[in-house]
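The chain contents come next:
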Amino acid sequence: MIFLGLIVILAAVAVSVAVLLDNTGDAQMTVFGDEVPGITDQWHVFMAGAVVAIVFMVGVMIVTLGLKRALGMRRELRDLRDEHEESLQTLELERRKLQQALAQARRGMDDQQPVPAQRVAPN
């Protein structure tokens, strides 16, 4: 989207420069060496300039929207990465606690004296 906006801006600038450099007559407009048909009065030239300015502003808006979108996506990705790191740390802490509890439970079982097995006489 940013690329499209830059292309629109460059096209508007190129047309503006071409119009400025090629026009020497009173109410005649030449773009890239060719005369633009239908331009006979000065207000026609003014309107053509206004159209080029509008196209330029559309290009600027497209670039701005593209940059906002890209920055928003980067921010969201960074937030998700941070959440992932936090959840990994939480899981690691929980794993350690469970390992400690398991070790204590095993020590508790080792401390208990085993009950000797009794033999039962056959009848």
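Residues numbered from 1 in each chain as written. Predicted model: local features only at pLDDT ≥ 70, side-chain atom pairs only at ≥ 80, totals over all residues. Heavy atoms only, no water.

### Brief notes about the overall build of the protein chain
The helix and strand tally for the protein chain stands at 2 helices and 2 strands. Each helix and strand of the protein chain, placed in order from N terminus to C terminus, yields the pattern α-β-β-α. Taking all 123 residues of the protein chain together, 14% fall into the buried category. A separation threshold of at least 6 residues defines the contact pool for the protein chain, and within that pool the share at least 24 residues apart is 47%. Element-wise, carbon and sulfur atoms account for 63% of the exposed surface of the protein chain, whose accessible area totals about 10600 Å². (Helix = DSSP H or I, 4+ residues; strand = E, 2+ residues; numbered from the N terminus. Buried < 20%, exposed > 50% of the residue type's maximum accessible area, 1.4 Å probe, protein only. Contact = heavy atoms within 4.5 Å. Areas by Shrake-Rupley, 256 points an atom, 1.4 Å probe, with all protein chains shown as cover.)

### Notes on a nonpolar patch on the surface
On the surface, a cluster of nonpolar side chains totalling about 440 Å² of accessible area is made up of Val13, Val17, Leu21, Phe56 and Met57. Within the residue set of the nonpolar patch, elements represented by two or more residues are helix H1 (2-22) and helix H2 (42-111). Sort the elements by how many residues they give to the nonpolar patch and H1 lands first, with 3 residues. The topology assignment puts Met57 in helix H2. (Patch = residues over 30% accessible without salt bridge, like charges linked within 9 Å, V, L, I, M, F, W, Y side chains within 5 Å. Salt bridge = Lys/Arg side-chain N within 4 Å of Asp/Glu carboxyl O.)

### Regarding a negative patch on the surface
Where like charges cluster on the molecular surface, the negative patch consists of Glu76, Asp79, Asp82, Glu83, Glu85 and Glu86. Along the chain, the position of Asp82 falls in helix H2. (Lys, Arg positive; Asp, Glu negative; His and termini not counted. Charge placed at Lys NZ, Arg CZ, Asp CG, Glu CD.)

### Focus: the pattern of salt bridges
Enumeration according to the criterion identifies 2 salt bridges in this entry. The partner of Glu92 in a salt bridge is Arg95, and the shortest N-O contact between them spans 2.4 Å. Separated by 3 residues within a single helix, Glu92 and Arg95 lie in helix H2, roughly one turn from each other. For Arg95, a relative accessible area of 40% gives the class partly exposed. Residues Glu92 and Arg96 are paired through a salt bridge, measuring 3.6 Å at the closest nitrogen-oxygen approach. Note that Glu92 and Arg96 are positioned in helix H2 at a spacing of 4 residues, about one turn of the helix. For Arg96, a relative accessible area of 48% corresponds to the partly exposed category. Connected through salt bridges with shared partners, the residues Glu92, Arg95 and Arg96 form a single ionic network.

### Examining the environment of Val58
With respect to the helices and strands, the residue Val58 is situated in helix H2. In sequence terms Val58 and Ala12 are 46 residues apart; their C-alpha atoms lie 9.9 Å from each other.

### Points about the confidence of the model for the protein chain
Per-residue pLDDT for the protein chain has a mean of 82; in total, 82% of the residues score no lower than 70. Averaged pLDDT values for the elements of the protein chain fall to 76 in strand S1 (residues 30-31) and rise to 89 in H2. (pLDDT = per-residue confidence, 0-100.)

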